[in-house]
Structures are given as C-alpha cells and as structure tokens.
Amino acid sequence: MTALAIQVQHRVGRAVLDTLAAVGRFAALVVEMGRGLTEVRVWLPRTLDESWNIGVGSFFIVLLISSFAGAVTALQAGYQFTGNIPIYVVGSVVTESVVLELGPVLVGLILAGRIGARYAAELGTMRVTEQIDALESLGRSPASHLLIPRVLACLLMIPILVIFADVMGVASGWFASKQALPVTDADFIYGARVFWRPFDAWYSIIKAFFFAGAIGFVSCYMGYSTKQGAEGVGRSTTGAVVTSSVLILLLDTLLAKLLLSV
Amino acid sequence: MIEITDLAKHFGAQVVLDGVTLSVKEGETMALLGPSGTGKSVLLKTIIGLIRPDRGRVVVDDLDVATLSRKALSRLRGTIGYVFQNGALFDSMNVFENVRLGLTDPDQFKDLDFARSRVADCLALVNLPAETTGKMPSELSGGMRKRVGIARAIAGRPKYVLYDEPTSGLDPVNADIIDALVKRLDTELGVTSIMVTHDVRGAFRTADRVALLTQGRIAAIGTPDDFLASEDPAVRAFLQRDFELSSTSSGGVDR
Ligand SMILES: Nc1ncnc2c1ncn2[C@@H]1O[C@H](COP(=O)(O)OP(=O)(O)O)[C@@H](O)[C@H]1O
Ligand SMILES: [Mg+2]
C-alpha cells in the first residue's frame, strides 16, 4: 500500500513539474512574441495573408454550422413551448442562444479543429524538418515570421467569423420558425427584442476573442515545440485540437460566470 | 576565427558532446569527420546558438555566442551561412524566395533587382539551371534541394560557412562541383568554414585541416597528410572503414 502511495505521489509530482515547465516555456514564447512585435514590416503582410486564408477557408463551414444551429434551436423551442407560454418566446430563445452561446462556441470548436490542427501541423513540420532552425540561422525571428502572424490572424478573423455566425444563426432560426411554427415576423421580432441587451452582442464578440486566443496561442505553442519527427507532428496536432477545445469550454464557463452574473 | 572550448551537451541520459575543443583559424577550411550519430550536427548547431551547451564556450569573431543579446546574435548569424543536412528549405516558398532569404542585409534583401541577380549567381555556383528559381521545394530532387540550401547559405556572402554534409546524397559530378565551390569560397573570398562530411576523399582534397569527432571528443586533428600518416588507432579505424566502403561503392571511386 505505502509503496503504491509513494509511486502515485511520485507520478503526481512529475506531472506537476512537467506542467509547470510547459507553462514556463509557453510564457517564454509569449515574451518572445511580444519582442517580435517591433518588426511590424515582417509580421504585418504575413498577418494579412494568414487572415485571408483563415477567413476564406472557414467562411462556408461557419455559415453552414450556424445556420443549422439556428434552425434546430427554433424547431426545438417550438416543440417545447406549448400551452401557456407565448409563442414569441421562440424569437427570444433563438436570438439569445445563438448569440450568447451557440455562435461563439460552435465556431470556436470547429475552428479549433480546422485552424488549430493546421497551425500545429504546419509549425510542427517546420520544426522537425529544421525550417525553424534555418530561419533562425538566417538571423530572422520565428516569432515575427511565423507565430505573431498566426496568432493575430486568429484574433482578427475568428471574432469576425463569429459575427457572421450570429447573424446567420438568427436569420436561419427566424426562417425555420416561420416555416414550421405558427410564428409571424412580428412575433419573432418582438420576442427577439424583449430580452435583448446590447451587451449580448459584445459578450459574443468578447467570447470569440478569448476563444481565438486559445486556438492561436495553443496551436502555435504546440506546433512550435514539436519533437521527434512525423509522430511528434501527429501528437502536437491532436494535442492542439484537444487542448484548445477544452480551453474553449473552460473559458466559456468562466466568462459566463464573470460577465453574466447579475 | 571560431574557438570552441570544452563544449559538452547531453540529451536525457545520452552524452553527445563531452569536452570538444576546436579552433578554426581565419580563412581556414576545417573538415569534420566522424561516424554518424556522434554529434557533428549538434556541434554545428551549438556554434550558431541553436543548441545551448551544458558546459563550455563558443567564441566566433571574438563574440561569446552564449552571452550575446538577441540583436547581436541575429547580427552574428547574418555573417554565418549554415547548410542544413537535408536542405531545410522553406516549403511554402519557391526557390527564388528561399535563396533570397539568404540575403541577411536588409537593404540587399529589399532591392529586388539585386536579389534577382544574386540569386541567379548563387544558383549557377551550385550548378542549378536558371529555371529552378520558380520551382517549389517539393518539385525538386533531394540533391537539388541540398544545393538550393547551399545557395541560400552563401547568398549573403557570409564570412563563415558551416556545411552539414553538403555532398552526401549527391551524384559524383555534383559532389565534385560542391567540393570545388567550398574550395573556391575559401581561396577567393577568404571564407572560414567547417565542413561536416562522410566523404573522406572530398575532405582531404578541400580542407586545410581535418578533425575526427568520436565519442564526444576530437580524437585527432591535423592536415590531410598528418591524417594519412597517423598511427592513431581511432584515425586508422575510421579511414580503414571508409576506404573499404568507398572502394566497394561506385560513387566513392576515383573522384
Ligand atoms: N534535439 C535532440 N534531442 C534529443 N537527442 C538529440 C537531439 N539532437 C540530436 N540528438 C541525438 O544526438 C546524437 C547526435 O546527433 P547528430 O549530431 O545529429 O549526429 P551526426 O554526427 O550524425 O550529425 C544522436 O544520437 C541524436 O539522437
Ligand atoms: Mg548530422
């Protein structure tokens, strides 16, 4: 029993140390990126390229996901709210759930898969094929050439994509409720306005911004610190997707607690 | 001048470098021989600060690499060309853009006409046709990638060049061209270089001095003639094996 207890303690201690070391390396990388910010002429054009890539590459999947989310919310709300709940509540439920939760979280999770995996794989491959070493050997900074553009592109484009998702989700929820439920335009608009606060839109964007940070920083860190060949690239890629998805869910909870408590 | 003193590096339980001391004089070409896996690449990477040593010092141009500020280190790296073992080309960029990144002087880098002519010169030096400029690294053979890597390393006219097995995997004709290029950079531009290689004949033809790295240390060092005459068992063992190998492989004979 005691031997087992010691072994468990040992394992836990190791895990804690490993985590602390990883946090330290992550912090060092963030500091490095802060320093790289002075090289505007290097990162600005690359940031624009990356943003364009993310935006164009993810636009349709984001619209697709959000339109289904909006429509399904409307249909389920219509199914649940029978009896003496007024039907205009469908409008409130669709708007609020899409803007507060479904838009940012679904887009965040989808993009954690799309962008997170891509960034981790790109940077991981560059690491194991010594392209990052080569960049440094040429006296150039990986932070300003590779990392800052990717993180900034996430911070810039993901909130924009979430805004599109919110609009699309509400529009498709509206359309679906008109088609399938006894809800008129006036009902839906009334319902949407009753519980609406301008802060709700901000909340959606703030969340998107945090999720973007989680995806950008985590996938760049994971890719950048890849070790051991093709297997290592695979590990960083899944690691980036899983870690940023979990982080998105944690941030989602935390932000709800911090920003929505009355 | 590159001065390496008592350099040590381990990875986990494996001791790779264990007290390497080596000094490369201004304008000299030093060939570094050694069986694979002895840490030749690790040694080269430590020289430009890509790997941090556990112990010991590397001084290049009177600058202690470990103590340099970020700016000073990147300036120093600008004067050192590094040829990676597998080319390490940026695979999202074409050959022209890859070689252009070798222009470490920002003004030269920005001047497109200058860059075009310098890239063309460098590709010609490594015997690549001009059409290569527009190709992506994935469209090139391994040997071509390697030569683009050499072109990139010398594009900024570095004072030092570190070659990590520049001729391995090349056909005999191109290996000869690269050996001749190393020699020419040495004699015409006064480049100081370290060339890691398995090709003992190439090393003896191009290098001013030859060093043998085994078991984490420099086991022997001297001119090619010293080496051939050496009674040192480590040297004999290495040369013996290599000549046996090269006399049975078609690539190694009479180059
Ligand atoms: N980043 C690293 N992490 C762990 N081990 C490494 C690393 N780089 C090199 N090694 C190990 O160091 C030893 C020497 O490698 P290397 O310098 O590449 O040999 P070579 O002399 O063939 O160039 C090898 O056993 C290699 O496994
Ligand atoms: Mg090597």
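Rules used throughout
- Residues numbered from 1 in each chain as written.
- Chains lettered and ligands numbered in written order.
- Predicted model: local features only at pLDDT ≥ 70, side-chain atom pairs only at ≥ 80, totals over all residues.
- Heavy atoms only, no water.
- Helix = DSSP H or I, 4+ residues; strand = E, 2+ residues; numbered from the N terminus.
- Expected span 1.5 Å × (residues − 1).
- Buried < 20%, exposed > 50% of the residue type's maximum accessible area, 1.4 Å probe, protein only.
- Contact = heavy atoms within 4.5 Å.
- Domains from an automatic or database assignment.
- Buried area = accessible area lost by both parts, 1.4 Å probe.
- Salt bridge = Lys/Arg side-chain N within 4 Å of Asp/Glu carboxyl O.
- Polar contact = N/O pair within 3.5 Å; in protein donor to acceptor, adjacent residues only side chain to side chain.
- Nonpolar A, V, L, I, M, F, W, Y, C, P; charged D, E, K, R; others polar.
- Pairing = 2+ DSSP bridges.
- Right-handed = clockwise from strand over helix to strand, strands pointing away.
- Bend = angle between axes of the 7 residues up to and from the residue.

(A) Structural detail: helix α8 (residues 229-260) of chain A. Residue and element names in this part refer to chain A. Taking 1.5 Å of rise per residue, the 32 residues of α8 would be expected to cover 46 Å, and the 45 Å separating its terminal C-alpha atoms lies within 8% of that figure. If you check which residues of α8 are buried, you get G232, V233, S236, T237, G239, A240, S244, S245, I248, L251, D252 and L255. Buried residues in α8 make contact with α3 (89-128) and α7 (198-224).

(B) Geometry of the domain arrangement of chain A. Residue and element names in this part refer to chain A. Along its sequence, chain A is organised into domain 1 (1-36) and domain 2 (40-259). Counting residues at the interface gives eight residues for domain 1 and nine residues for domain 2. Carbon and sulfur atoms make up 81% of the surface buried where domain 1 meets domain 2, a total of about 810 Å² over both sides. Looking at the side of domain 1 facing domain 2, the largest losses of area belong to F26, L29 and M33, adding up to 63% of the total buried there. Taken together, the connections running from domain 1 to domain 2 amount to zero salt bridges. At the boundary of domain 1 with domain 2, the tally comes to two residue pairs in polar contact (both at pLDDT 80 or more). Along the lines of polarity and charge, the residues of the side of domain 1 that touches domain 2 split into five nonpolar, one polar and two charged.

(C) Just the pairing of strand β8 (residues 192-196) of chain B, in detail. Residue and element names in this part refer to chain B. The buried fraction of β8 is high, at five of five residues. Along β8, one buried face is formed by T192, I194 and V196 and the opposite face, lined by S193 and M195, is buried too. Both strand β3 (residues 29-33) and β8 contribute to a ladder of four bridges, which runs parallel. Pairing of M30 across the sheet is with I194, part of β8. Two elements, strand β7 (residues 160-164) and β8, share five bridges in a ladder whose sense is parallel. If you follow D164 over to β8, its bridge partner there is V196. For the handedness criterion, the β-α-β arrangement of β7, helix α7 (residues 172-189) and β8 is classed as right-handed.

(D) Representation of helix α5 (residues 142-180) of chain A. Residues and elements named next belong to chain A. The end-to-end C-alpha distance of α5 is 54 Å, a good match for the 57 Å that 39 residues give at a rise of 1.5 Å each. The axis of α5 is deflected most strongly, by about 35°, at I148, and proline P149 appears within four residues downstream. Taking the backbone nitrogen of A143 as reference, a side-chain oxygen 3.2 Å away marks S141 as the first, capping residue of α5.

(E) Looking closely at the domain arrangement of chain B. Residue and element names in this part refer to chain B. Domain annotation for chain B reports domain 1 (1-79 + 164-223) and domain 2 (87-157). With centres defined by C-alpha atoms, the gap from domain 1 to domain 2 works out at 23 Å. On the domain 2 side, the residues contacting the 12 residues of domain 1 number 10 residues. For the pair domain 1 and domain 2, the summed buried surface comes to about 940 Å²; carbon and sulfur atoms form 68% of the total. The three residues of domain 1 that bury the most area against domain 2 are L170, N174 and L181, which together make up 36% of that side's buried surface.

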